[in-house]
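# Fold and contact review
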Amino acid sequence: VTTADLAIVNYDVNTHNFIVDAHGRVSLIDWEKGRVAPAVQDLAHFLLPTTTLWRSDTSTRLTLAQESQFVDRYLAARPELDPQRVRDDLTWMQRLIALRAVSWCSWAVAAAATGTRSAPNDETLARSQMYLTPMFLGSLFSLS
């Protein structure tokens, strides 16, 4: 990681933390967990279906073309970065964050099932359970 690769990352990227105005401009809000880290961390969060599908009322699964367009636009805005290295780092970061998301979901489902801690709400429990299904896990970890 070089200094150019670092950015202030949100670390809490989810669909409720984005505001899209009438002109299509997007703002990321809720910076209480912000930190300096590789920029690909937030990019990976944004692209993963564990983020984009989290909330029922805003869920969407990005197509590969949409993901590629998003990364292309990011790289166009950051010409100092090596595009191939960003793409390589992004692939690994997506896998790492996907594992973290699945681990958290496993904990949440197990804690709710054993009564050691209740799920924050029914939607969170349902999403966590969905993310642990073989079909979802298979699609999540076939990331290229």
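Residues numbered from 1 in each chain as written. Predicted model: local features only at pLDDT ≥ 70, side-chain atom pairs only at ≥ 80, totals over all residues. Heavy atoms only, no water.

### Concerning empty space enclosed by the protein
Any empty space left between the atoms is revealed when a probe the size of a water molecule rolls over them. This structure, assessed with the given rule, holds one cavity of 30 Å³ or more. Considered as a void within the structure, the largest cavity measures approximately 40 Å³ in volume. Around the largest cavity sit Trp 107, Ala 108, Ala 111, Arg 117, Ser 118, Ala 119 and Pro 120, which together line it. Taken together, the residues that form the lining of the largest cavity break down as five nonpolar, one polar and one charged. (1 Å grid on protein atoms, 1.4 Å probe; cavity = no way out; pocket = protein on both sides within 12 Å on 5 of 7 lines; lining within 4 Å. Points joined across faces, edges and corners; volume = space filled by probe spheres on them. Nonpolar A, V, L, I, M, F, W, Y, C, P; charged D, E, K, R; others polar.)

### Structural notes on the nonpolar core
Of all hydrophobic cores here, the largest spans 22 residues; its most connected members are Val 40, Leu 90, Tyr 131 and Leu 140. When contributions to this core are tallied by element, the ones reaching two or more residues are helix H1 (40-47), helix H3 (64-77), helix H4 (83-114) and helix H6 (134-140). Per-element tally for this core: the top contributor is H4, with seven residues. Setting aside chain neighbours within four positions, we find Leu 140 in contact with Leu 48, Pro 49, Thr 50, Arg 61, Ala 98 and Val 102. (Core = buried A, V, L, I, M, F, W, Y, C linked by side-chain atoms within 4.5 Å. Buried < 20%, exposed > 50% of the residue type's maximum accessible area, 1.4 Å probe, protein only. Helix = DSSP H or I, 4+ residues; strand = E, 2+ residues; numbered from the N terminus. Contact = heavy atoms within 4.5 Å.)

### Concerning the packing of H1 against H3
Where H1 contacts H3, the axes come no closer than 11 Å and their chain directions differ by 155 degrees. Comparing the axis directions of H1 and H3 gives the class roughly antiparallel. The chirality of how H1 crosses H3 is right-handed. On the side of H1, the interface is formed by Leu 43, Phe 46 and Leu 47, while H3 contributes Glu 67, Phe 70, Val 71 and Tyr 74. In terms of residue class, the contact of H1 with H3 is made up of six nonpolar, no polar and one charged. (Axes fitted to C-alpha atoms, helices over the stretch in contact; angles between N-to-C directions. Parallel < 35°, antiparallel > 145°, perpendicular 65-115°, else oblique. Left-handed = near helix turned anticlockwise from the far one by under 90°.)

### Digging into unusual backbone geometry
The phi torsion of most residues other than glycine is negative, and most of the peptide bonds are trans. We note that Tyr 11 has phi near 70 degrees; this positive angle belongs to a residue other than glycine. Tracing the sequence through the fold places Tyr 11 in the loop between strand S1 (6-9) and strand S2 (18-20). Given the relative accessible area of 22%, Tyr 11 is considered partly exposed. Its identity as a non-glycine residue notwithstanding, Asp 30 has a phi of 65 degrees, on the positive side. Note that Asp 30 resides in the loop between strand S3 (26-28) and strand S4 (35-38). Among the residues examined, Asp 30 registers a relative accessible area of 28% and is labelled partly exposed.

### Section: the layout of surface pockets
One number sums up the size of the largest pocket: a volume of about 630 Å³. Along its surface, the largest pocket is lined by 20 residues, and Phe 18, Val 26, Leu 43, Phe 46 and Phe 70 are the ones closest to its centre. Going through the elements one at a time, S1, S3, H1 and H3 are the ones with two or more residues in the lining of the largest pocket. The leading source of residues in the lining of the largest pocket is H3, at five residues. The class makeup of the residues in the lining of the largest pocket is 14 nonpolar, four polar and two charged.

### Looking at a nonpolar patch on the surface
Residues Val 1, Leu 6, Ile 8, Trp 31 and Val 36 make up a contiguous nonpolar surface patch of about 550 Å² in total accessible area. Examined against the element boundaries, Trp 31 turns out to sit in the loop between S3 and S4. On the basis of relative accessibility, which here comes to 41%, the residue Trp 31 falls in the partly exposed class. (Patch = residues over 30% accessible without salt bridge, like charges linked within 9 Å, V, L, I, M, F, W, Y side chains within 5 Å. Areas by Shrake-Rupley, 256 points an atom, 1.4 Å probe, with all protein chains shown as cover. Salt bridge = Lys/Arg side-chain N within 4 Å of Asp/Glu carboxyl O.)

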